[in-house]
Amino acid sequence: MRTYYFDMKDRIPSRDRTGLEFATVAGAIEHSRELARRLRHDPRITDRKLSIVIVDESGVEIHREAVYPAEPKSASPDHLCRLR
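Residues numbered from 1 in each chain as written. Predicted model: local features only at pLDDT ≥ 70, side-chain atom pairs only at ≥ 80, totals over all residues. Heavy atoms only, no water.

Enquirer: How would you sum up the overall build of the chain? Please name residues and give values.
Expert: Assigned secondary structure in the chain consists of 2 helices and 4 strands. The N-to-C order of helical and strand elements in the chain reads β-β-α-β-β-α. A sequence separation of at least 24 residues applies to 45% of the contacts in the chain between residues at least 6 apart. (Helix = DSSP H or I, 4+ residues; strand = E, 2+ residues; numbered from the N terminus. Contact = heavy atoms within 4.5 Å.)

Printed below as a string of structure tokens:
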């Protein structure tokens, strides 16, 4: 098991000092997605640029999960015609 840290980054970064252990990177990423879902529905959170950044034991950034993901761009009609 490896320890992963879940920092919150916006205008003022907040460091996770304790971390959590996961058997795989995929488990840590799924946890960050769940944290983002929870924060997205918290009315106290107003910063649309807030992200959860996973850092491993060596300090390397593993993944960045936006709390408020960007809206997907709609496909242009021309693009849809080429797909058919």
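Enquirer: Outline the environment of Val67, supporting the account with residue identities and numerical values.
Expert: By secondary structure assignment, the location of Val67 is in the loop between β4 (61–66) and α2 (77–83). Through-space distance from the C-alpha of Val67 to that of Ile52 is 7.1 Å; in sequence the pair is 15 residues apart. Every residue in contact with Val67, bar those within four places of it in the chain, is listed here: Ala36, Leu39, Arg40, Leu50, Ser51 and Ile52.

Enquirer: So, the sheet that holds strand β3 (residues 51–55): which residues are in play, and what are the values?
Expert: The 4 strands lie next to each other as β2-β1-β3-β4, forming an open sheet whose pairing is antiparallel. Every interior strand has two partners, whereas the edge strands, β2 (20–22) and β4, have only one. On average, each strand axis in the sheet is inclined to that of its neighbour by 30 degrees, with strand direction left out of account. Taken together, the 3 bridges between strand β1 (residues 2–9) and β2 define a ladder with antiparallel strand orientation. Looking at β2, one finds that Tyr4 is bridged to Leu20. Contacts between helix α1 (residues 25–40) and the sheet are confined to β1, β2, β3 and β4, with β4 contributing the most and set at about 25 degrees to the helix. (Pairing = 2+ DSSP bridges. Axes fitted to C-alpha atoms, helices over the stretch in contact; angles between N-to-C directions.)

Enquirer: Please set out the pattern of salt bridges residue by residue, giving values where relevant.
Expert: Within this structure, the stated rule accounts for 9 salt bridges. A salt bridge links Glu34 to Arg37; the nearest nitrogen and oxygen atoms lie 3.1 Å apart. Residue Glu34 and its partner Arg37 are located together in helix α1, separated by 3 residues, close to a single helical turn. With a closest N to O distance of 2.9 Å, Glu61 and Arg64 form a salt bridge. Classification of Glu61 by relative accessible area gives partly exposed; the value is 40%. Using a relative accessible area of 44% as the deciding quantity, one classes Arg64 as partly exposed. If you follow the salt bridges from partner to partner, you end up with Glu30, Glu34, Arg37 and Arg38 in one network. (Salt bridge = Lys/Arg side-chain N within 4 Å of Asp/Glu carboxyl O. Buried < 20%, exposed > 50% of the residue type's maximum accessible area, 1.4 Å probe, protein only.)

Interpretation note: all reported values are geometric properties and have no functional meaning in isolation.
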